[in-house]
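A closer look at the structure
Each chain, letter by letter, is given below.
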Amino acid sequence: MATVSASANKTAQPPTFIWQGKDKSGNKIKGEIVASSLPQAKTLLRTQGVLVSTVRKKSKPLFGGKRKITPADIAVFLRQLATMLKAGVPVVQSFDIVIDGMENPSLREVLRKTKVEIESGSTLASSLRAHPMEFDALVCNLIESGEQSGALEQMLDRIATYKEKTEALKAKLKKAVKYPIAVVCIAIVVTGILLIKVVPVFEELFNGFGAELPAFTRFVLNISEVVQAWWFPALILGFIFSYIFKQAKARSKKFNDFLDETSLKLPIMGDIMNKAVVARYARTLATTFAAGVPLVEALETVARAAGNSVYEKAILQIRDGVTSGTQLQQSMRYAGIFPPMAVQMVAIGEESGALETMLDKVASYYEAEVDNAVDGLTAMLEPLIMSVLGVLVGGLLIAMYLPIFQMGNAI
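Residues numbered from 1 in each chain as written. Predicted model: local features only at pLDDT ≥ 70, side-chain atom pairs only at ≥ 80, totals over all residues. Heavy atoms only, no water.

With that out of the way, let us pick up the pattern of salt bridges. Using the criterion set out here, one finds 21 salt bridges in the structure. Salt-bridge contacts for Arg158 lead to Glu356; the nearest nitrogen and oxygen are separated by 3.3 Å. You can see Arg158 sitting in helix H8 (residues 152–207) and its partner Glu356 sitting in helix H16 (residues 355–410), a full 198 residues away along the chain. The exposure class assigned to Arg158 is partly exposed, which follows from its relative accessible area of 22%. For Glu356, a relative accessible area of 28% translates into the label partly exposed. For Lys253, the salt bridge is made with Asp257, and the minimal N-O distance between the two is 3.1 Å. Here Lys253 pairs with Asp257, and both are found in helix H10 (residues 253–265), just 4 residues apart, close to one helical turn. With relative accessibility at 58%, the residue Lys253 sits in the exposed group. Salt bridges sharing common partners tie together Arg158, Arg283, Glu356, Asp360 and Glu367. (Salt bridge = Lys/Arg side-chain N within 4 Å of Asp/Glu carboxyl O. Helix = DSSP H or I, 4+ residues; strand = E, 2+ residues; numbered from the N terminus. Buried < 20%, exposed > 50% of the residue type's maximum accessible area, 1.4 Å probe, protein only.)

For the rest of this paragraph, the subject is helix H4 (residues 91–101). Considered for burial, the residues of H4 that qualify are Ser94, Phe95, Val98 and Ile99. In a view along the axis of H4, the buried residues occupy a sector of 130°, so they form one face of it. (Arc of directions from axis to C-beta.)

We now examine the packing of helix H14 (residues 328–335) against helix H15 (residues 340–352). Where H14 meets H15, the closest approach of the two axes is 8 Å, and the angle between their N-to-C directions is 165°. Here H15 runs roughly antiparallel to H14, going by the angle between their axes. The two elements H14 and H15 cross, and the hand of that crossing is left-handed. Contacts between H14 and H15 involve Leu328, Gln329, Met332 and Arg333 from the first element and Ala342, Val343, Gln344, Val346, Ala347 and Glu350 from the second. (Axes fitted to C-alpha atoms, helices over the stretch in contact; angles between N-to-C directions. Parallel < 35°, antiparallel > 145°, perpendicular 65-115°, else oblique. Left-handed = near helix turned anticlockwise from the far one by under 90°. Contact = heavy atoms within 4.5 Å.)

Structure follows, in structure tokens:
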């Protein structure tokens, strides 16, 4: 039933109305409200003490799509909501304050719809479940746990911290991957332009010399001729390969499993990926365990949030071990994929009864390791990439000017 309700909410979202009016003091005010119809919008405004003058349905923008809601936006919302609730502000009023200060219009729209659900008597968790694309099952389950335990403010604060840490870790990984790829692409484009546009000009000049060209210059001219003849088919093949890669990644689980396994075995990057997944595992498990979720259920949630199929299988194996009565640290050791330090810290946490604290420390340690590794990789790649670019561009220039220099010496 819950799935059907969420689907119905997703397909029939209530519209937004723009209104103008006066408050109880006679001051002119205006704003937006989400309601199922125009009469309901007027009724809701009257219950809020607004003397309505005009209400009209908000029109959709003619150009441009909606701004994407990012996990960072969700983290900001959760942090602000936790702050409002800690200050003793009621939930509905907290939503009004947060919505007014929210920069992302798409998220504002989602929060307005959520506020309407809460006003109609729904819990925060059930209202957020109507928007699974923005609020995943983990977040909703944790919020529900916080509502049931009477510690919603603390739970929202913890979820916000979890989101912030997770997104910071993802940003570091993207930086490690995107930086060298971007520079390599720029190097390929610059080299291609030189070979296609610049080198042929020199080739025409050399043809008028009537002298034998140096071997290095002939080599570059031959490469230029090949690139001129094949650059367009190569570009088409590149687009085809990119399309096939995206389709395979979107449709094939085996292909994704292969990519996940390969990424962990890459030199340098593989070590960073392993540490990042261990940090995410520890952070997610600490958050769910602190929320009072049983360890077996928490491990199942962590497996889905691992972000790597190799670790997902290992975590499910750990869950099976814990279900059969094996300690968490022993199950982690049997999985054979977790670093010994992480296993030892979990063992200390289990023995001392402070598993949540030790998992937090494991997460913080490996997050710092990823930070240091990415910074070190970037520092190492910068001079290496500059050297490669210098060799490519400098080599082409030397090849083109070498015959001119030789003619100058002969004269």
